[in-house]
Amino acid sequence: MEPKALRVGLRIWVVLVLAFLFIPIILIVLYSFNRSNIESWPIPSFSWHWYNVAFHDPQVRSAFLLSIRVALYATVLAVLLGSAVAFALYKYKFFGSEAISFLLVLPLALPGIITGIALNSFFSFTGIQLGTITIVIGHTTFCIVVVFNNVIARLRRTSGSLAEASSDLGARGWQTLRFVTLPLSATALVSGALLAFALSFDEVIVTVFTAGAQNTLPLWIFGAIRLGQQLPEVNAVVSIVILLTIIPVVLAARLAGAGAVTRSARGVPVGEAGS
Amino acid sequence: MTATAVSAPGGQARRDGMWTRVSAVLWRRPWARATILLTPPLAWFVLIYLASLVVLLITAFWQINPFTTNIERIWSFGNFTTIFTSSAYRGIILRTVGMAAAVTVVDATVAFPFAYFMARIASPRTRTGLFVAILLPLWASYLAKIYSWLVMFTHDGILDWSLGKIGLSQIHLIYTNWAVFAVFCYLWLPFMIIPVYAALERIPPSQIEASQDLGGRTWRTMREILLPLALPGIVAGSIFTFSLTLGDYITPLLVGGTSAQFMGNVIYSNIGIANNVPFAAAMACIPVIIMAAYLLGARSLGAFEAI
Amino acid sequence: MMITRARITRPMKITMALAATSLVAAACSSSTSSNSSSPGTSSAGPSGLTVPTANLPVLQKIGKGEGQLNLIAWEGYLQPQWVKPFEQQTGCQVNGKYAGSSDEMVALMKDGGGGQYDMVSSSGDADLRILYAGDAHPVNINLIPSWKQFFPAFQSPPFNTINGVHYGISLQWGPNVLMYNTKDFATAPTSWSVIYNPKYKGQVTVPDNPIQIADAALYLKTSTPSLGITDPYELTQPQFQAAVNLLAQQRPLIEKYWDLASQEIFDFKNGNAIVGAGWPYQVSTLKADKFSIGSVVPAEGATGWADTWMLAAKAPHPNCAYMWMAYISTPKVQAEQAINYGETPDNSQACAYMNQMQAGSCAEYHANAPLSYLASISLWKTPLATCDNGKTDCVPYSEWVSAWNTEVK
């Protein structure tokens, strides 16, 4: 449909944007091999030294493990709570449903520092000690809406007649849920969970205010940046994380991104477009 | 629909008698099901999140002991008057909003062609590849990415070195608001591309074909069909770029210079350094009001379905 | 599509409203305030303030270590070089949170460390604020043997000992030095005027800290004697305004006020700055990287800091905390830290060890002649409205903060 010139132009644009997105990432990996601990250009010499340091650093290990734990708890809670709201709002239209979806968007729509200091004031006010639990609470709060959005978008795209058919065939309420609704929204749940995990794992702004003396990986990175004596170790750690996450990201893209979405879009008849 | 629908063949109904009754009760009272589903998440939000926002708002009206910096519950509008009567703080608010708007416009402009290509021209395999390419930077540490830009922008850094190689003079971008602007645009770009892509991808090809059948050329189709339909996605993405910029303090701290005073910095330095929590809370009310207004506007443009 | 009208809205909404209202009511009436009014304590301080925690019982004997130790420290105070042997000897795993300014330390120590932190390596200007907020715990100095080897000036200094009650142990002290790139300055600058000189526009860097006003005041003390400044932390309104104006004039010369030590290190290394005010830590790090950095205390003197490892009122690991205090005050560890950071140890026996580790370091860091050197350094202290001479027209710290944020930056 588009003229050739436009197509060529768009391809060039895509390449430029990809370069823009990835040059800093390439630099991160490049500087992880920097022998000097103060970053400057050009890099004086290369070595594996910092990877060695990173692997043997107990602070990195405990920060990494804490980040994983927090992200897992937050994701599980977000999936449970977010999908519950999504199912409820999808099936039941009542007066406050718009207010509820507005409320849910707030943690993502309000700047992270607001959520952070609000929770911090709340915890000190109610005497809850800062620790892993408070970090999880902070992360779950904004992860809920990520799962909610994914699931409700998916539910809105499915035809309601499938659930009705299931009831017609004799399934009880929860059977319909288990055998029809859940599988239909499974990909949305998984992609929402993966996105929530990613957001929680890399979260620093809210975590600064809700963490106690322990460090998640981003907090450790911030401390290392303050210190200024082990910056290439930070790059080494980040490079390893990027490497580890390529697989789940590919998975997420296949499940919820291009593939599943285009398949379902083609199944949508003209009349429902734009709804 | 009555409870008799559950008497399936094989006598299964007898075996799970209690479950059947519970299920039937829930079926007849949809509000009970809705309550079960809604109570935990709503309880979370109201008792934790909303309550903490309320606590923050209340704190904004209090003061601190100047010596020990403990909070004293003396009610006053003092913090708000300080903010609105000080030209420095007013300038900071304007600068932050201006930066957020600029970042939003630029990101939307950069994202749209990219999302268009992804949605309408790329083959399914390319599409998946591009999707991975957008998601991957989100997994690289936010702090490490900012630091990369620092290394790029510094004196005799990579940018200056490259410009030197092509024969152009050096531009010292580090510690300027241009650097802060560039880093913001970089950081939030994926958050803009994804909703715009989702919105564009939802438009069925038949609508484009219809427009062309009716004589619309490419640009006209884009302007009058695509853009309006993609607008909810753009607005949804803008919610992220706007709010993320409005509250960010780390990027100006690391990459900004002496004029990089933004609302996030003021809030952070008052909480984490000066320990003037009431003043920080008062300052924090401003982004909340701005974003609330933005969200109401966005909702009317249909962005909530597109997030 | 099954759409069912649910009648749950009203009762649910009422519940939510009730919950929110009760929380607001709690806010107005509860007394979880950390604003402590001390029940009959006896220690007096500036303007008659008392230390709320003065009568808490001290530890009588160091027990078994708890396995963890959470410390708030300046960057460079928790180097693996001396932390690792401590962890191996005592089994206390050290978790460090870095803070870049006294204000940050006071903030982190809120509510006695919040039950999270055990100790903080605070400087003199933070100590009193922490003490009078009730966030520090009395220390039993008899459990720390090396204390007897300290220079008398640092055994019971007024910033960590009130009415004979110790709240921590003195650590080390040092100056805020004038740093310069030796490639740009053939000889060391002799005066602070160099950082106010428009010739170096865009190449100067100073800390992003309201206490920097004292540095300006210190310079004005010598350069403009008519102002009559004697103590850079006790400034009358005209003296204060003069210092703030000087800093406002300096602003165009500065490309970046550094918040993190690593920023100053980065800036010198990459040529973003060639002269500025900084800590010896940055100098040591740049020297270790073989960079052409020099540092000097100019003729006008310098501001400085004397640090204390202060015990938090709600320290969760007190035994490990005492073990740390006992360890960090021994001569050998004091020497290690002094050389690594570039500061002066408080333990008088550290000198010999310093010379063993690095020849000439004892004299270089004035570990053996502290009294005369000490006199030339204006140690950080919290500016109060009550001047030492009894008058009450000095500018308090809260005004320093607001002036820094609105007039200087």
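1. Description of the overall build of chain B
So, step 1. Of the regular secondary structure elements, chain B holds 14 helices and 2 strands.
So, step 2. Its C-alpha atoms give chain B a radius of gyration of 26 Å, more than 25% over the compact-globule value 19 Å for 307 residues.
So, step 3. The buried share of chain B, reckoned over its 307 residues, is 59%.
So, step 4. Pairs at least 24 residues apart make up 68% of the contacts formed inside chain B by residues separated by at least 6 positions.

2. Quick word on the overall build of chain C
So, step 1. What chain C contains, in helices and strands, is 16 helices and 13 strands.
So, step 2. Taken over 409 residues, chain C has a buried fraction of 60%.
So, step 3. For chain C, the share of sequence-separated contacts (at least 6 apart) that also reach a separation of at least 24 residues comes to 74%.
So, step 4. Accessible surface, chain C as shown: approximately 15,300 Å² in total, 56% of it carbon and sulfur.

3. Thoughts on the packing of helix α11 (residues 218–247) of chain B against helix α14 (residues 277–300) of chain B
All names here are of chain B.
So, step 1. Look at α11 against α14: their axes get within 11 Å of each other, and the N-to-C directions meet at 175°. Judged on the interaxial angle alone, α14 and α11 are roughly antiparallel. Contacts between α11 and α14 involve V235, S238, I239, F242, S243 and L246 on the former and, on the latter, P287, I290, M291, Y294, L295 and A298.
So, step 2. A class-by-class count of the residues in the contact of α11 with α14 yields 10 nonpolar, 2 polar and no charged.

4. Details of the pairing of strand β6 (residues 168–175) of chain C
Residue and element names in this part refer to chain C.
So, step 1. Across the 8 residues of β6, 8 count as buried, placing the element largely inside the fold.
So, step 2. One ladder, built from 6 bridges, connects β6 with strand β11 (residues 302–311); its direction is antiparallel. Looking across to β11, one finds that S170 is bridged to T308.
So, step 3. As defined by bridge partners, β6 adjoins strand β12 (residues 344–345) across 2 bridges and the pair is classed as antiparallel. Looking at the pairing, W173 lines up with T344 of β12.

5. Quick notes on empty space enclosed by the protein
So, step 1. Summed over all chains, the structure comprises 10 cavities of 30 Å³ or more.
So, step 2. A volume near 560 Å³ is recorded for the second largest cavity.
So, step 3. Taken together, 38 residues line the second largest cavity, and the ones lying closest to its centre are S269 and I273 of chain B together with D208, D259 and K409 of chain C.
So, step 4. Looking at the lining of the second largest cavity, the elements that each hand over two or more residues are α10 (217–227) of chain A, α5 (87–121), α12 (250–255) and α13 (263–273) of chain B together with α3 (102–108) and α16 (397–408) of chain C.
So, step 5. Here the element with the most residues in the lining of the second largest cavity is α13 of chain B; it accounts for 6 residues.
So, step 6. For the lining of the second largest cavity, the residue count by class is 20 nonpolar, 11 polar and 7 charged.

6. What to know about the packing of aromatic side chains
All names here are of chain B.
So, step 1. Overall, the coordinates contain 45 aromatic pairs over all chains when judged by the stated rule.
So, step 2. Measuring from ring centre to ring centre gives 6.4 Å for Y142 and W188, while their planes differ by 15°; the resulting arrangement is stacked. On the criterion of sequence distance, the pair formed by Y142 in helix α7 (residues 142–153) and W188 in helix α9 (residues 177–202) is long-range, its members being 46 residues apart.
So, step 3. Owing to a relative accessible area of 9%, Y142 belongs among the buried residues under this scheme.
So, step 4. Take W188: its relative accessible area is 5%, and that puts it in the buried class.
So, step 5. Ring geometry for W178 and F181: centres 6.1 Å apart, planes at 85°, overall edge-to-face. With W178 and F181 both in helix α9 and 3 residues apart, this pair spans about one turn of that helix.
So, step 6. Judged by its relative accessible area of 61%, W178 falls in the exposed class.
So, step 7. Three or more aromatic residues joined by ring pairs form one cluster here, namely Y142, F184, W188, F191 and F240.

7. Comments concerning the packing of helix α7 (residues 212–223) of chain C against helix α8 (residues 237–250) of chain C
Residue and element names in this part refer to chain C.
So, step 1. In contact at an axis separation of 9 Å, α7 and α8 are set at 105° when each is read in the N-to-C sense. Between α7 and α8, the interaxial angle falls into the category roughly perpendicular. Taking contact as the criterion, the partners of Q212, I213, A216, A217, Y219 and L220 in α7 are, on α8, F240, A242, A243, V244, L246 and L247.
So, step 2. Each residue belonging to the contact of α7 with α8 can be placed in one class, and the counts come to 11 nonpolar, 1 polar and no charged.

8. So, unusual backbone geometry
So, step 1. The omega torsion of the bond from W41 of chain A to P42 of chain A falls at -5°, within 30 degrees of zero and hence cis.
So, step 2. As for its position among the elements, P42 of chain A is in the loop between α1 (4–31) and α2 (49–56).
So, step 3. Despite not being glycine, D156 of chain B has its phi angle at roughly 55°, a positive value.
So, step 4. Considering the arrangement of structural elements, one finds D156 of chain B in the loop between α7 and α8 (158–166).
So, step 5. When its relative accessible area of 45% is taken as the criterion, D156 of chain B is described as partly exposed.
So, step 6. Positioned with a positive phi, H366 of chain C is a non-glycine residue whose angle comes to about 55°.

9. Quick notes on the confidence of the model for chain C
Residue and element names in this part refer to chain C.
So, step 1. The predicted model of chain C has a mean per-residue pLDDT of 85, with 88% of residues at 70 or higher.
So, step 2. Note on residues 12–20: pLDDT is under 50 here. Beyond four places in sequence and across chains, it has 6 contacts.
So, step 3. Here residues 22–45 scores under 50 on pLDDT; set against residues more than four positions off or in separate chains, the count is 40 contacts.
So, step 4. Per the prediction output, this complex has pTM 0.86; the corresponding ipTM is 0.84.

10. What about the environment of N52 of chain A?
So, step 1. With respect to the helices, strands and loops of the structure, N52 of chain A is situated in helix α2.
So, step 2. Owing to a relative accessible area of 44%, N52 of chain A belongs among the partly exposed residues under this scheme.

11. Observations concerning the pattern of salt bridges
So, step 1. For the structure on display, the rule yields 10 salt bridges over all chains.
So, step 2. K381 of chain C is the salt-bridge partner of E234 of chain C, the closest N and O atoms lying 3.5 Å from each other. Of this pair, E234 of chain C sits in the loop between α7 and α8 while K381 of chain C is found in the loop between β13 (377–379) and α16, placing the two residues 147 residues apart along the sequence.
So, step 3. Taking relative accessible area as the criterion, K381 of chain C reaches 28% and is therefore assigned partly exposed.
So, step 4. Salt bridges sharing common partners tie together R226 of chain A together with E75 and E104 of chain C.

12. Here we look at helix α4 (residues 97–109) of chain A
So, step 1. Taking 1.5 Å per residue, 13 residues should reach 18 Å; α4 of chain A reaches 18 Å between its end C-alpha atoms and fits that length.
So, step 2. When you tally the buried positions in α4 of chain A, you get 10 out of 13 residues, the bulk of the element.

13. Brief notes about the state of the cysteines
All names here are of chain C.
So, step 1. By the definition in use, this model includes 3 disulfides over all chains.
So, step 2. Across the disulfide, C351 is cross-linked to C362 (sulfur-sulfur distance 1.9 Å). The chirality of the disulfide connecting C351 with C362 is left-handed, given an S-S dihedral of about -110°. Of the two residues, C351 is situated in helix α13 (residues 350–357) and C362 in helix α14 (residues 361–364); the sequence distance between them amounts to 11 residues. Grouping residues by exposure puts C351 and C362 together as buried.
So, step 3. When the bonded cysteines of chain C are counted from the start of the sequence, the pairing works out to 1-2, 3-4, 5-6.

14. Considerations on the interface of chain A and chain B
So, step 1. On the side of chain B, 107 residues touch chain A, which itself brings 96 residues to the contact.
So, step 2. The tally of links from chain A across to chain B stands at 1 salt bridge.
So, step 3. Between R299 of chain B and E98 of chain A there is a salt bridge, and its shortest N-O distance comes to 3.1 Å.
So, step 4. Seen at the junction of chain A and chain B, the total is 8 residue pairs in polar contact (both at pLDDT 80 or more).
So, step 5. Of the residues assigned to the side of chain A that touches chain B, the class counts are 72 nonpolar, 12 polar and 12 charged.

Reading the values: rules and limits
Residues numbered from 1 in each chain as written. Chains lettered and ligands numbered in written order. Predicted model: local features only at pLDDT ≥ 70, side-chain atom pairs only at ≥ 80, totals over all residues. Heavy atoms only, no water. Helix = DSSP H or I, 4+ residues; strand = E, 2+ residues; numbered from the N terminus. Rg over C-alpha atoms; globule rule 2.2 N^0.38 Å. Buried < 20%, exposed > 50% of the residue type's maximum accessible area, 1.4 Å probe, protein only. Contact = heavy atoms within 4.5 Å. Areas by Shrake-Rupley, 256 points an atom, 1.4 Å probe, with all protein chains shown as cover. Axes fitted to C-alpha atoms, helices over the stretch in contact; angles between N-to-C directions. Parallel < 35°, antiparallel > 145°, perpendicular 65-115°, else oblique. Nonpolar A, V, L, I, M, F, W, Y, C, P; charged D, E, K, R; others polar. Pairing = 2+ DSSP bridges. 1 Å grid on protein atoms, 1.4 Å probe; cavity = no way out; pocket = protein on both sides within 12 Å on 5 of 7 lines; lining within 4 Å. Points joined across faces, edges and corners; volume = space filled by probe spheres on them. Phe/Tyr/Trp six-rings, centres within 6.5 Å; stacked < 30°, edge-to-face > 60°. pLDDT = per-residue confidence, 0-100. Salt bridge = Lys/Arg side-chain N within 4 Å of Asp/Glu carboxyl O. Expected span 1.5 Å × (residues − 1). Disulfide = S-S within 2.5 Å. Polar contact = N/O pair within 3.5 Å; in protein donor to acceptor, adjacent residues only side chain to side chain.

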